[in-house]
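# Coordinate analysis (summary)
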Amino acid sequence: MKFVQSGLYAGTALSMLVSLNPAYAQSADTATDVVSNEEIVVSGSRIQREGFDAPTPTTVIGEAELALGNRPSIAQVLNDTPQFRATSTPSTTPGNTSSGVSTADMRGLGSVRTLTLLNGHRFAGANDLNIVPQSLVKRIDVVTGGASAAWGSGAVAGVVNIILDDDFTGWRMGVQSGISSRGDAARYGADIAWGTDFAGGRGHFMVAGEYMNERGALSRDDRPNLEAGLFQRADNKLELVRDPNSTQLYNGGSILGLTGAPRNLVFNPDGNIGAFPLGSVTNGVTTIGGGGQNIFDYVAVSTPYERVNLFARASYDLTDSLKVWANFSYHRMSANYSFFPETPAVVIMPDNAFLTQANRNQLAAAGVAGPFLLGRVMDDVGADGVMKFKYSRRNLEGAIGLDGSFGDGWKYDAYYNHGEIRLNQQLNNQRIKSRFNNGVDSVLVNGTPTCRINADASTTNNDPNCVPINLFGNGSISDEAAAWAFGGSQLIYTIKLDAAGASVSGQPFSTWAGPVDIAFGTDVRWEKQVTNFVDPLSLANALGTLNSSATNGSFNVKEVFAEVNVPLLDITDALKLEVNGAARYSDYSTSGGIWSWKTGGTLRVVNDLLLRAVYSRDIRSPSITEYFLNRSTNIGTVFDPFQGQNGTVQNNVVVYGGGNANLTPEISHTLTLGGSYSPSFASGLRLSVDYYDIDIDNVITTVTANDLLKQCFATAPTDPTCNGIIVREANGTIGSITNGYRNLANYRTQGLDIEASYRMPLGDGNLSFRALANHVFNLKINGADVSGYVGGDTAFSTPKWRGTGTIAFENDSFGANLRVRYVDGGLDRPLTVVNGVAVPIVNNKVGSRTYVDLGAQFKAGPFTLFGNVNNLFDRDPPITPYTSPNFDVIGRYISGGVKLSF
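Residues numbered from 1 in each chain as written. Predicted model: local features only at pLDDT ≥ 70, side-chain atom pairs only at ≥ 80, totals over all residues. Heavy atoms only, no water.

### Here we look at the state of the cysteines
Within the structure shown, the criterion is met by 2 disulfides. The side chain of C451 participates in a disulfide bridge whose partner is C466; the two sulfur atoms lie 2.0 Å from each other. Residues C451 and C466 share a disulfide whose torsion about the S-S bond is about -75 degrees; that sign makes it left-handed. On the criterion of sequence distance, the pair formed by C451 in strand β27 (residues 448–451) and C466 in the loop between α7 (452–455) and α8 (479–485) is long-range, its members being 15 residues apart. Put simply, C712 and C722 are joined by a disulfide, and their sulfur atoms are 2.2 Å apart. For the disulfide bridge between C712 and C722, the dihedral angle about the S-S bond is near -85 degrees, and by the sign convention the bridge is left-handed. Note that C712 is positioned in helix α11 (residues 705–715) and C722 in the loop between α11 and β40 (726–728), a separation of 10 residues in sequence. For the residue pair C712 and C722, the accessibility class agrees, reading buried in each case. The connectivity of the disulfides in the protein is 1-2, 3-4, where the numbers refer to bonded cysteines in sequence order. (Disulfide = S-S within 2.5 Å. Helix = DSSP H or I, 4+ residues; strand = E, 2+ residues; numbered from the N terminus. Buried < 20%, exposed > 50% of the residue type's maximum accessible area, 1.4 Å probe, protein only.)

### So, the nonpolar core
In terms of nonpolar packing, the biggest core is built from 40 residues, with L78, I140 and I162 touching the most fellow members. Elements with a contribution of two residues or more to this core: α3 (74–79), β7 (137–143), β8 (158–164), β11 (203–214), β39 (685–701), β42 (742–762) and β43 (765–781). With residues near it in sequence (within four places) discarded, I162 still touches I74, T116, L117, L118, N119, L129, V132, V137 and R139. One finds L355, L374, A481 and A485 within the second-largest nonpolar core, a separate group that totals 23 residues. (Core = buried A, V, L, I, M, F, W, Y, C linked by side-chain atoms within 4.5 Å. Contact = heavy atoms within 4.5 Å.)

### A word on the sheet that holds strand β15 (residues 254–256)
The strand order across the open sheet built from 5 strands is β17-β16-β15-β23-β22, with neighbouring strands paired in antiparallel fashion. Edge positions in the sheet fall to β17 (273–275) and β22 (345–348), since each of these pairs with one other strand and no more. For this sheet, the mean inter-axis angle between neighbouring strands, taken without regard to orientation, is 40 degrees. Inspection of the sheet shows strand β16 (residues 262–267) paired to β17 by 3 bridges, in the antiparallel sense. What sits directly across from F267, in β17, is I273. Running over the sheet, helix α5 (residues 357–365) touches β15, β16, β17 and β23 (372–375) and is turned about 40 degrees from β17. (Pairing = 2+ DSSP bridges. Axes fitted to C-alpha atoms, helices over the stretch in contact; angles between N-to-C directions.)

### Quick word on the sheet that holds strand β14 (residues 244–246)
Taken together, the 3 strands give an open sheet; going across it, the order is β14-β19-β18, and neighbouring strands pair in antiparallel fashion. On the outer flanks of this sheet lie β14 and β18 (281–282), each paired with one strand and no other. Where β18 and strand β19 (residues 286–288) come together, 2 bridges link them in antiparallel fashion. The residue bridging T282 from the neighbouring strand is T287, located in β19.

Here's what the structure looks like:
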């Protein structure tokens with residue numbers, strides 16, 4: 001196997017590949033696989049040439065790293081790498097409609113700013129790494145820097161290029177299972193792959209399938225610190241506490257004043273009134289402990305899912321210099337699990353049909369003489385109890401392409417890809433607002449509960465089939481009432497991607513220092529989203545929690561690009577200087593033309609030291625959702641700073657959300673400075689350090705209506721309409737605000753990537769060491785530094801330090817690895833504003849966590865038996881109200897299985 005560097009600095013990235021897989025034997029500039037003789041091209045650049053030291057750093061995640069911890073998805077493998085943040089995987093999206101999606105989020109800047117490729121090409125499922133068949137992945141190339149000029153829009157934080165084992169032959173199969181030490185989060189899976197040559201070796205075919213079923217961790221009670229929240233003490237300071245419960249909500253009904261003030265009376269499960277089961281301390285609206293509920297109690301720690309992947313590839317050498325290939329893949333991900341419960345507060349009239357005389361007597365004794373509010377946790381509706389989120393995500397993908405060469409070392413390639421993602425999602429057991437309100441307001445007619453609208457002739461009857469609803473106690477809602485007053489939203493839509501591209505690379509001439517490398521080509525793509533179905537209840541805005549809405553739209557982009565590498569100095573074993581540049585012009589059907597570019601260079605000193613620098617201008621074009629999301633309507637309270645010196649508070653303001661067809665691409669400038677050191681006197685040792693500075697303008701985002709008004713006043717204090725965003729009535733008050741996606745933020749982050757590896761023979765095997773670390777100097781969102789805030793409720797939650805260190809040994813019959821993962825502590829969240837005053841949190845500090853993982857493999861002929869223990873010492877997460885992207889919330893996890901290869 002010849003190791004061809006492309007956009008890869010020799011030394012450190014090479015050492016990663018070598019140190020990750022003991023099958024590789026190293027030399028200064030090449031790596032040789034003792035099993036096969038295949039060529040590896042590491043894909044940090046469009047230029048492909050052996051020994052090319054490109055300025056953009058590239059990290060290689062090889063076979064051994066992919067196996068560490070026996071992670072069930074590629075995204076979770078990447079999340080173990082310090083440059084990534086675990087923002088969206090099945091284990092980190094426990095209670096929202098993105099559950100099951102696994103994305104790559106480099107630098108914590110949002111997954112939309114990390115471009116994901118498959119074998120160097122765009123694919124429809126790029127925003128969900130579950131689509132990729134993990135059993136066929138050979139390695140992952142992570143380009144940690146702006147790369148839009150080389151690869152196109154979205155490569156602001158970097159590029160994840162997943163390389164498949166296209167030439168695999170033989171059989172490969174395996175089964176595995178795992179479970180947490182608490183007996184939940186069980187998973188089991190199987191995979192099988194077969195590859196063969198045909199036509200005398202000119203053709204190759206392979207097919208693979210894999211199945212994974214994860215049951216999820218459904219109970220938060222089994223893990224310390226996962227039922228938590230903020231509590232305001234008597235001294236008005238805030239404290240993060242375990243088991244805070246609302247006194248305004250109860251699953252049998254909490255009796256409140258009409259202003260929402262708790263009376264500390266509840267309806268017990270049997271419908272009788274009793275005292276609220278308060279905990280140790282109560283501040284009026286929240287009690288610590290006791291028998292109340294917290295809506296997070298109902299949300300899973302990690303959500304279940306079922307995954308199926310199928311993949312097939314065929315290739316054929318038409319001539320000695322031209323290969324044609326075709327891929328097909330099928331992916332399906334599905335789940336059905338509990339969601340947040342609905343928590344309505346409803347007015348109960350004194351003559352409610354389901355208030356018993358004993359109830360009325362107790363209410364009168366407590367001074368409740370008239371209507372009152374009932375705060376209710378709806379966890380007893382029908383057979384499901386709480387709301388249920390159900391989804392099925394299907395992806396079909398096909399691609400065809402050719403790779404060829406001509407002349408003296410010139411290479412070319414071309415491809416076309418078509419993919420379709422069809423998503424069917426439902427949120428069931430929601431209130432149908434009008435039916436629920438009518439059913440709750442019921443009276444006795446001849447001793448029979450009857451909806452008031454059917455009992456009072458003076459009332460407009462808009463619900464002749466209304467079924468009375470008994471909310472007093474738990475389990476009191478009849479099946480008939482549940483069937484009538486509760487329903488579900490459903491949304492079915494299809495995302496389509498057509499992408500095509502072609503490129504040519506070669507060496508047209510040489511300078512005094514060596515050959516000049518160039519690459520040029522074109523990319524085109526069409527993206528489209530079509531809504532296939534929206535349920536009638538959502539179209540009528542009838543549901544209490546989530547009304548689905550249609551999003552339809554499309555755009556296309558046509559691009560040309562070029563890259564060049566020019567050697568300027570080459571003194572054997574002394575100095576080697578090269579400069580590199582790239583440019584891309586993109587013409588969007590929505591926003592017009594825009595340039596991205598990069599320039600940089602490398603300096604190699606006496607073969608051991610490589611210095612590099614690159615500066616780039618990168619872009620991210622708006623997504624279809626950001627362009628075309630259907631208009632939503634909300635009612636809110638806002639503070640209008642345009643109304644005099646002190647402003648005014650205005651209630652019931654209509655706030656419109658949705659997409660924005662006038663969006664323009666985000667623009668980022670990235671500076672990377674670094675170097676790698678591979679000392680000749682210590683063979684096998686590799687060290688590297690890289691500094692990065694990413695500055696993104698025109699960031700596409702949404703803000704709260706109040707924040708939008710503040711920004712409008714700060715930038716245009718003499719324009720009360722803020723360029724049409726605000727519509728005012730004749731008296732100057734706000735009539736409506738359009739608050740959709742806008743180019744209105746700046747993100748900036750600066751940090752260091754540090755890597756070290758060492759490899760040495762030991763007995764009949766090899767011993768390797770590897771360490772990766774990332775240090776964030778700052779992560780500024782509109783100038784406010786959020787780095788060091790590590791709580792799960794904090795936007796852009798980012799530790800200052802993250803690191804991993806691995807020691808691995810492997811020979812022909814045995815392998816073992818010890819991995820240590822470190823996550824820095826910090827503050828849980830910024831100061832919380834209560835009634836306009838910033839209130840301190842007395843225990844805001846979060847300690848760091850160190851996790852230890854163990855793995856072992858036993859080999860006997862074609863069989864490999866393996867086992868892993870992640871979070872060996874069962875380190876608890878910090879106090880976490882909901883979820884934590886930075887810290888392990890599952891606890892100790894044991895997994896194992898068997899593989900067969902022949």
